[in-house]
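Secondary and tertiary structure notes
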Amino acid sequence: MSNIKKDDLGRLVYDLKRVGLEPIVIGGEAISRTLACTATKDLDFVVKSVEMGKLNRELRKMEEYKVKIDISPFGDIYTCELQREDKTYKIHFIDQYDFTISGSTNFYGFLEKEGSILYETKYGPIRIAKPEVVIYTRLTINEWKQYIAKTVRDAKRIAKRNKRFDLNKVLEVAKVLGHDLKPIKERIAYLKERLKEENIE
């Protein structure tokens, strides 16, 4: 399971909502939660574009937390550390438009409607991106090959826990979001070859 306890994650999302943010869990933590598998260290949250510009101000309203590192851009991702009591969370905030194609379906809206599941915690339900959406985000960034080891790791975790999982689901996500399918098909084929090398199909 994740390094982060279920209700600690629920409390963090609840507190972020209290200051006006609406984060949806994505990345390795989402896979850990949906499949109850290997731990992840960082938290990735997708937020609405309108929320990105006010992150620093809103996070400082969280009175029970200390912002250890100011919001700092890392490419298109904004990173910070929040500390509450003895717990420290390294968080990456991702703008919805990083994965929204101009004129197509809004990525955040897609996550809300069909690209995530509700995950129950003591502090209320939180939204967790589906595994195929996580893999989609891994394969659509320009630097996808730099992160292919992480993508292979995530795909392995999914395949081992869910024998019915099909990487073609990633292609379906790309279709809904209006992404150019040719590079996605090529990257999925590459990923399948890497998984075949490790005897996972």
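This write-up is about the structure you can find in this document. Source: prediction; values computed, not measured. (Residues numbered from 1 in each chain as written. Predicted model: local features only at pLDDT ≥ 70, side-chain atom pairs only at ≥ 80, totals over all residues. Heavy atoms only, no water.)

Observations concerning the overall build of the protein
Within the protein, the secondary structure is distributed over nine helices and seven strands. Dimensions of the protein, computed from the C-alpha atoms along their principal axes, are close to 50 × 35 × 30 Å. Across the 201 residues in the protein, those meeting the buried criterion constitute 49%. Residue pairs in contact within the protein that sit at least 24 positions apart in sequence constitute 61% of those at least 6 positions apart. About 10,500 Å² of surface is accessible on the protein, with carbon and sulfur atoms providing 45% of the total. Charge centroids of the protein, computed over 39 positive and 32 negative side chains, lie 3 Å from each other. (Helix = DSSP H or I, 4+ residues; strand = E, 2+ residues; numbered from the N terminus. Buried < 20%, exposed > 50% of the residue type's maximum accessible area, 1.4 Å probe, protein only. Contact = heavy atoms within 4.5 Å. Areas by Shrake-Rupley, 256 points an atom, 1.4 Å probe, with all protein chains shown as cover. Lys, Arg positive; Asp, Glu negative; His and termini not counted. Charge placed at Lys NZ, Arg CZ, Asp CG, Glu CD.)

Notes on the nonpolar core
Leu12, Phe45, Leu59, Phe93 and Phe107 are the most contacted members of the largest nonpolar core, which has 60 residues in total. In terms of residue count, the dominant contributor to this core is helix α6 (residues 131-140) (five residues). (Core = buried A, V, L, I, M, F, W, Y, C linked by side-chain atoms within 4.5 Å.)

Description of the pattern of salt bridges
Should the charged atoms of two oppositely charged side chains come close, the side chains can pair. The final tally for this structure, using the stated rule, is 16 salt bridges. The residue Arg33 makes a salt bridge to Glu29 at a minimum N-O spacing of 2.7 Å. Of this pair, Arg33 and Glu29 both sit in helix α2 (residues 27-35), four residues apart, which is roughly one turn of that helix. A salt bridge links Arg157 to Asp154; the shortest N-O distance between them is 3.0 Å. (Salt bridge = Lys/Arg side-chain N within 4 Å of Asp/Glu carboxyl O.)

Things to note about the packing of aromatic side chains
Within the structure shown, the criterion is met by four aromatic pairs. Each ring, one from Phe99 and one from Phe107, has its centre 5.4 Å from the other, and the planes form 50 degrees; the classification is tilted. As far as burial versus exposure is concerned, Phe99 and Phe107 are alike and both buried. Ring centres of Trp144 and Tyr190 lie 5.6 Å apart, and the angle between their planes is 85 degrees; on these two criteria the pair is classed as edge-to-face. Of this pair, Trp144 sits in the loop between α6 and α7 (148-161) while Tyr190 sits in helix α9 (residues 181-197), and the two are 46 residues apart along the sequence. Judged by its relative accessible area of 12%, Trp144 is buried. (Phe/Tyr/Trp six-rings, centres within 6.5 Å; stacked < 30°, edge-to-face > 60°.)

A word on the environment of Leu139
Residue placement: Leu139 occurs in helix α6. By relative accessible area, Leu139 is classed as buried at 1%. Spatially, the C-alpha atoms of Leu139 and Cys80 are 24 Å apart, while their sequence positions differ by 59 residues. Residues in contact with Leu139, not counting those within four places in the same chain, are Trp144, Thr151, Val170, Ile184, Arg187, Ile188 and Leu191.

Worth remembering: the numbers are spatial, not functional.
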